[in-house]
Amino acid sequence: MKEKPIYVTQPSLPPLEEFIPMLEKIWESKILTNNGPFHQQLEKELCEFLGVKFISLFSNGTLALVTALQALNISGEVITTPYSFVATTHSLWWNNIKPVFVDIDPETCNLDPDKIEAAITAQTTAILPVHVYGNPCDVEKIQKIANRHKIKLIYDAAHAFGVKLDGKSILNFGDLSVLSFHATKVFNTFEGGAIISHSAEMKQQIDDLKNFGFRDEVTVVAPGINAKMNEVQAAMGLLQLKYIDDFIEKRKLIFTEYSNLLRNIDGIKILDQNSTTINNYSYFPIFIDEKIFPVSRDVVYEKMKASGFYGRRYFYPLISHFYPYKDLPSAMPDNLPVSEIVSRQVLCLPLLSDLDIDTVHSIANCIKEI
Ligand SMILES: *Cc1c(COP(=O)(O)O)cnc(C)c1O
C-alpha cells in the first residue's frame, strides 16, 4: 500500500497566495454575487479562451443543464445516452421530460448517430448527447438529424472544456452547450457551470432564468430559479484560467505516457485520439475485455486499489440501471448492448496534473503484471 493513495482525480489548485488578494477585493467591495465584477470579467475571459460568443455562468453544471432545457422549452421526450454521469438524465427528470436512451458507439463512447432516428417519436423535442471524456460527438451527423426532425440539440459538454474540432470550439455546435466547473473537472471554480449560447437574446433569456426570472427590479419574465455563480467562484475561475494551459499540458504528458505504456496489450483497449481534435486530456479510460485479458475489470480495479491507486469505473453502472429510469422501455439492456458491455469494461486511471511519471509507470506496471 502506498503511503498516500493516488485518486482518479484531484482538483488542480492555483497558488493560494494569489487567491487571497482577490478575496480581499470581494471584502472591500462587499459585492458577493449578482453579476459582480469578477463574474463579468470571467464571462469575458472565458469567451476569449474558449472561442465562443455568449456564455452564462452558473452555480453548478446540473442547474445549467436544467436551465438550458427550460430556455428552449423542451418537453415530452428527449433522446439521450445512458453512458454518462447521472446528472445528464436527472436534468430531464427535473423538467418532467421522459428520457429515451439510445446506445453508444464503441469507438467513441458517445451517442451512436445511426441509432438516433429509430428512437424519434411525435413526442421527441430534443437530443441531449454528451461529449464523453471530452471526445467530440459526431456533431455534423447529429445536427442533420435534429434539422430533419425540427428538434433541438443540447450538448452536455461537462467534459469538453477547451476541446476543439478542426480548430473550432466544440461548444459552438448545437443550440446550446453546457459546461461543468466542478472540483473534479479540468477547469474548476469549486462548483460551477455555464451555458454557451449563440445569440444575445438567448443569453439574456438564460441570464433571466438563472436569477428568478428577473429582467429588471420590477419585472419577472419567467418562473426562473436561483443558479447564479457567486464572486468567490468567479475569482477562482479567473485564477484557474491563468494556469489552465499549464495544467492541460501536464495532463497531456501523463496521458501520452499511459498511451505508450498500455498500447498493444491483449484484452486492453484505449481510445484513439482523433488528429483533428484538440483534447483536454481529462480522463484516461481503458477497456478490459475479460474474454481476452486474464482477469475482469473489477479484479484490476481491486488490485490497483490494494496498491493505493484509485481508478474509477466511470461510467458504471449505466444511468439506465438507476431508479427512476430502470423500468423505462429504452432502459432495457437489449436496447443498449454496446453501453452494457462498455460500462462493464471501463476503468479510468488516475490522471491529475501533478501526477509524476514514476507513478504513471507504477500504475501501468500494476496492470501489466496481471
Ligand atoms: C460533472 C458532470 C455533470 C454535472 O456537473 P456539476 O457541476 O457537478 O453539477 C453533468 N454531466 C456530466 C457528463 C458530468 O460529468
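Please read these numbers as outputs of a predicted model, since none were measured by experiment.

Asks: For the overall build of the chain, give the residues involved together with the corresponding values.
Replies: Tallying secondary structure elements over the chain gives ten helices and 17 strands in all. Computed over its C-alpha atoms, the radius of gyration of the chain comes to 21 Å, within 12% of the 21 Å expected for a compact globule of 370 residues. Taken over the C-alpha atoms alone, the chain extends approximately 65 × 55 × 35 Å along its principal axes. The 370 residues of the chain split such that 54% are buried. For the chain, contacts bridging at least 24 residues in sequence account for 70% of all contacts bridging at least 6. Of the accessible surface of the chain, which amounts to about 16800 Å², a share of 53% is contributed by carbon and sulfur atoms. One way to put it: in the chain the 35 positive side-chain charges average out to a point 1 Å from where the 44 negative ones average out.

Asks: How would you explain the domain arrangement of the chain if you had to name every residue and give the values?
Replies: As far as domains go, the chain holds domain 1 (16-239) and domain 2 (244-369). Distance between the C-alpha centres of domain 1 and domain 2: 25 Å. In total, domain 1 and domain 2 occlude about 3200 Å² of area from one another, counting both sides; carbon and sulfur atoms represent 64% of this. For domain 1, the biggest contributors to the area lost against domain 2 are Phe101, Tyr133 and Val186; these three give 23% of the whole. Between domain 1 and domain 2 we count one salt bridge in total. Residue Lys269 pairs with Glu107 through a salt bridge whose shortest N-O separation is 4.0 Å. Linking domain 1 to domain 2 there are twelve residue pairs in polar contact (both at pLDDT 80 or more).

Asks: Quick rundown of helix H10 (residues 357-368)? Include the residues and the values.
Replies: Residues separated by three or four positions in an α-helix point in the same direction, a consequence of the helix having 3.6 residues per turn. Its twelve residues place the ends of H10 16 Å apart at the C-alpha level, agreeing with the 16 Å of an ideal helix rising 1.5 Å per residue. Thr359, Val360, Ile363, Ala364, Cys366 and Ile367 are the residues of H10 that are buried. Projection of H10 onto a plane perpendicular to its axis shows the buried side chains occupying an angular sector of 155 degrees, all on one side. N-capping of H10 is provided by Asp356, with a side-chain oxygen placed 3.2 Å from the backbone N of Asp358.

Asks: Tell me about the packing of aromatic side chains, residues and numbers included.
Replies: By the definition in use, this model includes 18 aromatic pairs. Taking the centre distance of 4.5 Å and the plane angle of 5 degrees together, the rings of Phe161 and Phe187 count as stacked. Taken together, the residues Phe161 in the loop between strand E6 (152-156) and strand E7 (164-165) and Phe187 in the loop between strand E9 (176-180) and strand E10 (193-197) connect sequence positions 26 residues apart. Neither Phe161 nor Phe187 differs from the other in exposure class; each is buried. Plain terms: the ring middles of Phe181 and Phe187 are 4.9 Å apart, the flat faces sit at 80 degrees to each other, and that makes the pair edge-to-face. These aromatic residues form a ring-pair network of at least three members: Tyr83, Tyr133, Tyr283, Tyr314 and Phe315. Above the plane of the ring of Phe287 lies Lys269, whose end atom (NZ or CZ) is 5.9 Å from the centre.

Asks: Now, about the pairing of strand E5 (residues 124-128): what can you tell me, with residues and values included?
Replies: Summarising burial for E5: four of the five residues are buried, a large majority. Sheet analysis places strand E3 (residues 77-80) next to E5, joined by four bridges and oriented parallel. Counterpart to Ile79 in the pairing with E5 is Ile127. In the sheet, E5 pairs with E6 via two bridges, with the strands oriented parallel. Residue pairing for E6: Ala126 is matched across the bridge by Lys152. In this fold, the crossover linking E5 to E6 by way of helix H5 (residues 139-148) has right-handed handedness.

What counts, and where the lines are drawn
- Just so you know, the residues in each chain are numbered from 1, in the order the chain's sequence is written.
- Only residues with pLDDT of 70 or above have their local features reported here, since the model is predicted, and side-chain atom pairs are shown and tallied only from 80 upward, although totals for entire chains, interfaces and linings are computed over all residues.
- With hydrogens and water excluded, all non-hydrogen atoms of the structure serve as input to the side-chain values.
- Helix numbering and strand numbering both begin at the N terminus, where a helix is a DSSP run of H or I of at least 4 residues and a strand a DSSP run of E of at least 2.
- Note on method: radius of gyration uses C-alpha positions; expected globular size equals 2.2 Å times residues raised to 0.38.
- Exposure classes here rest on a 1.4 Å probe applied to the protein chains alone. A residue is buried below 20% of its type maximum, exposed above 50%, and partly exposed in between.
- Whether two residues are in contact is decided by their heavy atoms, any of which lying within 4.5 Å being enough.
- All accessibility values rest on the Shrake-Rupley procedure with a 1.4 Å probe; residue burial counts only the protein chains present in the view.
- We score Asp and Glu as negative and Lys and Arg as positive, and we do not count His or the chain ends.
- By convention, the charge on Lys lies at NZ, on Arg at CZ, on Asp at CG and on Glu at CD.
- Marked domain ranges trace back to an automatic or database domain assignment.
- Buried area: the accessible surface (1.4 Å probe) lost by two parts on joining, summed over both.
- Here, a salt bridge means any side-chain nitrogen of Lys or Arg that lies within 4 Å of a carboxyl oxygen of Asp or Glu.
- Counted as a polar contact is a pair of N or O atoms within 3.5 Å, where, for protein atoms, one must be capable of donating a hydrogen and the other of accepting one, and residues adjacent in sequence contribute only when both atoms are in side chains.
- To estimate the expected span of a helix, count its residues, drop one, and scale the result by 1.5 Å.
- What the arc measures is the spread of directions leading from the helix axis to the C-beta atoms.
- Aromatic pairs are defined between Phe, Tyr and Trp rings, using the six-membered ring for Trp, whenever the two ring centres lie within 6.5 Å; interplanar angles under 30 degrees are classed as stacked, those over 60 as edge-to-face, and all others as tilted.
- For a ring to carry a charge above it, either NZ of a lysine or CZ of an arginine must fall within 6 Å of the ring centroid while also lying within 35 degrees of the normal to the ring plane.
- Between any two strands, at least two bridges found by DSSP are needed for them to pair.
- Clockwise travel from the first strand over the helix to the second, with the strands pointing away from the viewer, marks a crossover as right-handed.

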